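Each chain is listed here by its residues.
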Amino acid sequence: MINLENYEEYLILYVDDELDDDAIKALMAFLEQHPNLKKELELYQRTKLPLETAIMLSGKQDLQKNESKKIAIQPWWRYYAAAAALLLIVFTAYKWMNKTTDNTIQNELDIVKNDTANTITQPIINEPESDTIPKQVIVQNTQSIHTKPLHQHSTSVAPINTSQHTTKPTKAEEKIQSSTENPVPENPIVFVKEEESKTEEVIVEPIKNVIPNKPLQTPVAKEKKFKKGLLAKLFINAEKQEGLEHLKNQVEEKVATVKSLNENLKNTSVEFKIGNKELLVLNF
Amino acid sequence: MDAKSYNTCVQDWADALFRFACKSTGNEEDARDIVQNSFETLWQKKENVPLEKGKSFLFQVAYNQSIDLYRKKRRVHLTDTITSQETMKPSNPDLKRILERALAKLDEQARALVLLKDYEGYKYDEIAQITGLSDTQVKVYLHRARKTMKNYLISVERII
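In this text, all values refer to a predicted model and were calculated from it rather than measured experimentally. (Residues numbered from 1 in each chain as written. Chains lettered and ligands numbered in written order. Predicted model: local features only at pLDDT ≥ 70, side-chain atom pairs only at ≥ 80, totals over all residues. Heavy atoms only, no water.)

*Asks:* Let's hear about the pattern of salt bridges: which residues, and what values?
*Replies:* For the structure shown, the criterion picks out 18 salt bridges over all chains. Between Asp16 of chain A and Arg146 of chain B there is a salt bridge whose closest N-O contact spans 2.7 Å. One end of the pair, Asp16 of chain A, is in the loop between helix H1 (7–15) and helix H2 (21–33); the other, Arg146 of chain B, is in helix H7 (residues 135–159), on a second chain. Take Asp16 of chain A: its relative accessible area is 1%, and that puts it in the buried class. Arg146 of chain B sits in the buried class, given a relative accessible area of 0%. The salt bridge involving Lys46 of chain B is made with Glu47 of chain B; its shortest N-O contact spans 3.8 Å. According to the relative accessible area criterion, Lys46 of chain B is buried, its value standing at 14%. Salt bridges linked by common partners bring Glu8 and Glu40 of chain A together with Lys147 and Lys150 of chain B together as one network. (Salt bridge = Lys/Arg side-chain N within 4 Å of Asp/Glu carboxyl O. Helix = DSSP H or I, 4+ residues; strand = E, 2+ residues; numbered from the N terminus. Buried < 20%, exposed > 50% of the residue type's maximum accessible area, 1.4 Å probe, protein only.)

*Asks:* Outline the nonpolar core, supporting the account with residue identities and numerical values.
*Replies:* Residues and elements named next belong to chain B. Phe39 and Leu42 are the most contacted members of the largest nonpolar core, which totals 69 residues. Looking at this core, the element that brings in the most residues is helix H1 (residues 3–25), giving 10 residues. Discounting residues that sit within four places of it in the chain, Leu42 has contacts with Met1, Tyr6, Cys9, Val49, Phe57 and Leu58. (Core = buried A, V, L, I, M, F, W, Y, C linked by side-chain atoms within 4.5 Å. Contact = heavy atoms within 4.5 Å.)

*Asks:* Hey, could you go over the environment of Cys22 of chain B for me, with residue numbers and the actual values?
*Replies:* All names here are of chain B. Summarising the element assignment, Cys22 is placed in helix H1. The exposure class of Cys22 is buried, given its relative accessible area of 1%. Taking the C-alpha atoms as reference, Cys22 lies 9.6 Å from Ser66; in sequence the two are 44 residues apart.

*Asks:* Could you give an account of the interface of chain A and chain B, with specific residues and numbers?
*Replies:* Taken together, the 29 residues of chain A in the interface contact 45 residues of chain B. Remark: the boundary between chain A and chain B carries 10 salt bridges. Glu8 of chain A is the partner of Lys147 of chain B in a salt bridge, and the nearest nitrogen-oxygen pair spans 3.9 Å. For the pair chain A and chain B, the number of links is 18 residue pairs in polar contact (both at pLDDT 80 or more). Those elements that place two or more of their residues in the side of chain A that touches chain B are H1 and helix H3 (38–46) of chain A. (Polar contact = N/O pair within 3.5 Å; in protein donor to acceptor, adjacent residues only side chain to side chain.)

*Asks:* Tell me what's going on with the packing of H1 of chain A against H2 of chain A, and back it up with residues and numbers.
*Replies:* Residue and element names in this part refer to chain A. At a minimum axis separation of 11 Å, H1 and H2 run at an interaxial angle of 125 degrees. One element, H1, and the other, H2, form an angle in the oblique class. H2 is crossed by H1, and the crossing has left-handed handedness. Of H2, the residues touching H1 (which contributes Tyr7, Tyr10, Leu11 and Tyr14) are Ile24, Leu27, Met28, Phe30 and Leu31. Across the contact of H1 with H2, the residue classes break down as 9 nonpolar, no polar and no charged. (Axes fitted to C-alpha atoms, helices over the stretch in contact; angles between N-to-C directions. Parallel < 35°, antiparallel > 145°, perpendicular 65-115°, else oblique. Left-handed = near helix turned anticlockwise from the far one by under 90°. Nonpolar A, V, L, I, M, F, W, Y, C, P; charged D, E, K, R; others polar.)

*Asks:* Explain helix H2 (residues 28–44) of chain B residue by residue, including any values.
*Replies:* Residues and elements named next belong to chain B. Here H2 is 17 residues long and its end C-alpha atoms lie 24 Å apart, about the 24 Å a rise of 1.5 Å per residue gives. Listed as buried for H2 are Glu28, Asp30, Ala31, Ile34, Val35, Ser38, Phe39 and Leu42. When H2 is viewed along its axis, its buried side chains cluster within an angular range of 165 degrees and face the same direction. Every exposed residue of H2 that faces more than 90 degrees away from the buried side is listed here: Glu29 and Gln44. Elements that come into contact with the buried residues of H2 comprise H1 and helix H3 (54–73). N-cap assignment for H2: the residue whose side-chain oxygen lies 2.9 Å from the backbone N of Glu29 is Asn27. (Expected span 1.5 Å × (residues − 1). Arc of directions from axis to C-beta.)

*Asks:* I'd like a description of unusual backbone geometry, backed by residues and values.
*Replies:* The phi dihedral of Asp17 of chain A is positive, around 60 degrees, even though this residue is not glycine. Its place among the elements puts Asp17 of chain A in the loop between H1 and H2.

*Asks:* A description of a nonpolar patch on the surface should follow, citing residues and the corresponding values.
*Replies:* Residue and element names in this part refer to chain A. Nonpolar side chains collect at one region of the surface, where Phe272, Ile274, Leu279, Leu280 and Leu282 lie side by side and expose about 440 Å² of accessible area between them. Among the elements of the structure, strand S1 (269–274) and strand S2 (277–283) are those that each provide at least two residues to the nonpolar patch. Structurally, Ile274 can be placed in strand S1. (Patch = residues over 30% accessible without salt bridge, like charges linked within 9 Å, V, L, I, M, F, W, Y side chains within 5 Å. Areas by Shrake-Rupley, 256 points an atom, 1.4 Å probe, with all protein chains shown as cover.)

*Asks:* Could you give me a rundown of the confidence of the model for chain A, with the residues and numbers involved?
*Replies:* Residues and elements named next belong to chain A. Confidence in the prediction of chain A, expressed as mean pLDDT, is 69, and 54% of residues score 70 or more. Per-residue pLDDT stays below 50 along residues 123–169; that stretch engages in 91 contacts with residues further than four places along the chain or on separate chains. Long-range and interchain partners of residues 172–211, a stretch whose pLDDT sits below 50, account for 53 contacts in this model, where long-range means more than four residues apart. (pLDDT = per-residue confidence, 0-100.)

*Asks:* Report on the pairing of S2 of chain A, specifying residues and quantitative values.
*Replies:* All names here are of chain A. Sheet topology note: the S1/S2 ladder contains 6 bridges and is antiparallel. Across the sheet, the residue bridging to Ile274 is Lys277, located in S2. The hairpin turn running from S1 into S2, its antiparallel successor, is 2 residues long, and Gly275 in that turn takes a positive phi close to 75 degrees. (Pairing = 2+ DSSP bridges.)

*Asks:* Lay out the packing of aromatic side chains in plain terms, naming residues and giving numbers.
*Replies:* The geometry of an aromatic ring pair is captured by two quantities: the separation of the ring centres and the angle between the planes. Tallying each qualifying case throughout the model produces 5 aromatic pairs over all chains. The interplanar angle of 25 degrees and the centroid separation of 6.2 Å between the aromatic rings of Tyr7 of chain A and Phe30 of chain A together place this pair among those described as stacked. You can see Tyr7 of chain A sitting in helix H1 and its partner Phe30 of chain A sitting in helix H2, a full 23 residues away along the chain. Take Tyr7 of chain A: its relative accessible area is 12%, and that puts it in the buried class. With 5.9 Å between their ring centres and 75 degrees between their planes, Phe59 of chain B and Tyr122 of chain B make a pair best called edge-to-face. Taken together, the positions of Phe59 of chain B in helix H3 and Tyr122 of chain B in the loop between helix H5 (108–118) and helix H6 (124–131) put the pair 63 residues apart, joining distant regions of the chain. Here the aromatic residues Tyr6, Phe39 and Trp43 of chain B are joined through ring pairs into a cluster of three or more. Here the basic side chain of Lys46 of chain B rests over the ring of Trp43 of chain B, its NZ or CZ set 4.0 Å away from the ring centre. The ring of Tyr122 of chain B carries the charged tip of Lys55 of chain B above its face, separated from the ring centre by 4.7 Å. (Phe/Tyr/Trp six-rings, centres within 6.5 Å; stacked < 30°, edge-to-face > 60°. Lys NZ or Arg CZ within 6 Å of the ring centre and 35° of its normal.)

Structure representation (structure tokens):
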């Protein structure tokens with residue numbers, strides 16, 4: 001309801017074009033009742049600013065942008081791409097290095113296997129026709145093994161569990177070591193028996209039966225023990241220890257053989273008789 | 001909004017925005033800066049502004065910048081530095097200048113509201129969205145501005 005207290009508000013709303021049709025009709029009716037207020041309406045209408053279309057911005061084309069559809073790569077994409085490329089390079093280098101290391105280890109392990117296989121298969125005890133040739137063979141074998149320094153195979157080998165290979169040498173092994181420390185063994189146990197077999201066939205047979213077609217390998221066992229001691233200091237990958245375990249088993253077999261031989265020696269005796277008269281009895 | 005739509009906004013609203021900035025700041029150089037900053041802001045945020053909201057976005061940015069400029073300067077002079085040609089009503093050759101002086105009597109906020117209302121024809125609610133005011137505040141501020149300008153016109157006519 002328009003009255004003399006709120007008519008001014010309606011006049012301004014009318015000038016601002018904020019009245020609906022019904023409100024405009026009501027205002028017009030009120031002004032018809034109060035014609036002196038029409039001049040006030042005209043004053044409010046004069047406060048409305050005229051549109052100045054002549055004011056224009058010069059050089060507005062400089063505000064426009066290029067409409068070409070080039071996709072700009074955000075800077076952060078570049079960082080991700082660089083990081084991915086770097087990771088790929090590092091991963092490739094790591095794989096290549098591992099492959100090279102594996103090949104090197106495999107080659108060195110093969111060399112070690114071949115060396116030990118050659119030392120095992122080489123006959124150490126020759127025919128008993130001559131007693132000097134076996135000695136020379138042993139010496140040569142020993143030297144052939146020692147001429148190949150083990151440090152040549154220690155470049156890229158993982159450390160080996162030394163606890164598996166450090167064993168206290170038995171008495172038989174100590175005898176073997178002491179017998180082979182000299183460049184030429186003075187009286188190898190083997191040859192003493194072989195010589196006596198020429199005169200006392202009964203005595204030699206137990207020894208032959210104990211070691212059927214198996215060459216005595218006292219120097220080899222010593223050489224293997226020497227090699228095993230060096231291998232313990234090498235860096236050998238755990239995965240590559242299978243060959244070494246095989247070697248270890250073979251060495252242990254030979255040691256057991258020597259031990260059994262030693263036991264047989266203890267139960268052996270030599271008797272010299274002329275007729276029924278005993279001249280000399282040697283007990284071992 | 002893509003680049004093409006942005007260029008459309010430049011063609012359609014650059015002059016109006018410049019007019020608003022000129023009347024609001026009273027300085028043509030300041031008005032150019034405001035217009036350039038407003039369009040630059042629109043270009044940076046064009047992905048989030050649809051074409052139909054482009055005009056209101058531009059005037060909102062221009063309004064805020066004019067208010068900030070007024071607060072920095074603390075004084076606005078409506079001078080005769082606007083060099084472009086202006087149309088004048090033959091029956092009231094001095095009315096324009098009187099209105100300009102009346103507009104200068106207002107504070108920056110009221111002046112901007114009057115310009116948005118008279119130059120661009122925005123409704124109260126649209127002005128409220130642009131300026132961040134409520135509908136009631138827009139109505140009250142505009143009413144005060146109209147009364148101030150009317151009283152100034154009365155005082156001038158009495159003198160004349």
